[in-house]
Amino acid sequence: MTKYAISGSTFLTRSVNNQRVFGGLLQWFDPESAHTEGTTPDYRFSLANERTFLAWIRTGLALIAGGLACAQFLPPLPIARLREIIAIALLVLGGLVALRAVDHWARAERAMRLGVDLPRSRFPAVLAITVAIGAVVLVGTVLHRVLA
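Residues numbered from 1 in each chain as written. Predicted model: local features only at pLDDT ≥ 70, side-chain atom pairs only at ≥ 80, totals over all residues. Heavy atoms only, no water.

By the naming in an unreviewed UniProt entry, the chain goes by Putative membrane protein and is assigned to Actinoplanes teichomyceticus. The heading Subcellular location (unreviewed entry) in the UniProt record of the chain holds the text "Cell membrane". (UniProt positions renumbered as here; feature names shortened; annotations may be inferred.)

Here it is, written out as structure tokens:
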């Protein structure tokens, strides 16, 4: 903690541990650095972690493909720019899923090596809710178009 005084008021700020931040990113690009800490887990767990990573990557690619398909093949919708909004949302969501996949893979691998609990995540629930809301919006749009 660092103490600052500005015109008679005192503020406490917490310093940022850049090594922790950049060390986490380094794990993404240099998995060999993870082998320097903890003990080697059973290879079956590491392979299962990798399969989970690949499943998330496939999900991200599917969302990106869906975004491109919406942008190119979906006819104009009754709401102005809805087609473009859907396409951009799917593209962004696909990119987020890919980033989340590599982050979860690195954190799970590190947890296994250190013998601690695997990292918990709300991301699957957030992704499911986002996709469900998107589906409801699309159903409403299709019904509006059919009934109009």
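Now that the structure has been shown, we can carry on.
Right, let's get into the overall build of the chain. Within the chain, the regular secondary structure consists of 4 helices and 2 strands. A burial count over the chain gives 22% of its 148 residues as buried. For the chain, restricting intrachain contacts to residue pairs at least 6 apart in sequence, the fraction spanning at least 24 positions comes to 63%. Summing over all exposed atoms, the chain offers an accessible surface of approximately 10800 Å²; the carbon and sulfur share of this is 66%. (Helix = DSSP H or I, 4+ residues; strand = E, 2+ residues; numbered from the N terminus. Buried < 20%, exposed > 50% of the residue type's maximum accessible area, 1.4 Å probe, protein only. Contact = heavy atoms within 4.5 Å. Areas by Shrake-Rupley, 256 points an atom, 1.4 Å probe, with all protein chains shown as cover.)

As a further point, take the nonpolar core. W56, L63, L93, V97, A101, F123 and L127 form the largest nonpolar core, which has 7 residues in total. Among the elements of the structure, α2 (43-73), α3 (82-114) and α4 (123-147) are those that each provide at least two residues to this core. It is α3 that contributes the most residues to this core, 3 residues altogether. Counting residues in hydrophobic clusters, the runner-up holds 5 residues, among them C70, L77, L82 and A87. (Core = buried A, V, L, I, M, F, W, Y, C linked by side-chain atoms within 4.5 Å.)

Its place among the elements puts A98 in helix α3. In this structure A98 comes out as partly exposed when scored by relative accessible area, which is 27%. Expressed as a C-alpha distance, the spacing of A98 and G60, which sit 38 residues apart in the sequence, is 5.4 Å.

A few words on the UniProt feature "transmembrane region" (unreviewed entry) in the chain. Per the UniProt annotation, the sites labelled "transmembrane region" (unreviewed entry) are residues 53-74, 80-102 and 123-143. The span residues 53-74 is 95% helical and 0% strand by assignment, and the distance between its end C-alpha atoms comes to 30 Å.

What follows is about the packing of aromatic side chains. Taken as a whole, this structure holds 2 aromatic pairs when the rule is applied. Aromatic side chains F53 and W105 sit 6.3 Å apart centroid to centroid with 50 degrees between the ring planes, which places their arrangement in the tilted category. Of this pair, F53 sits in helix α2 while W105 sits in helix α3; the two residues are 52 residues apart in sequence, bridging distant segments of the chain. Since its relative accessible area comes to 19%, W105 is described here as buried. Measuring from centroid to centroid gives 5.8 Å for W56 and F123, while their planes differ by 55 degrees, and the two rings are tilted. You can see W56 sitting in helix α2 and its partner F123 sitting in helix α4, a full 67 residues away along the chain. Judged by its relative accessible area of 18%, F123 is buried. (Phe/Tyr/Trp six-rings, centres within 6.5 Å; stacked < 30°, edge-to-face > 60°.)

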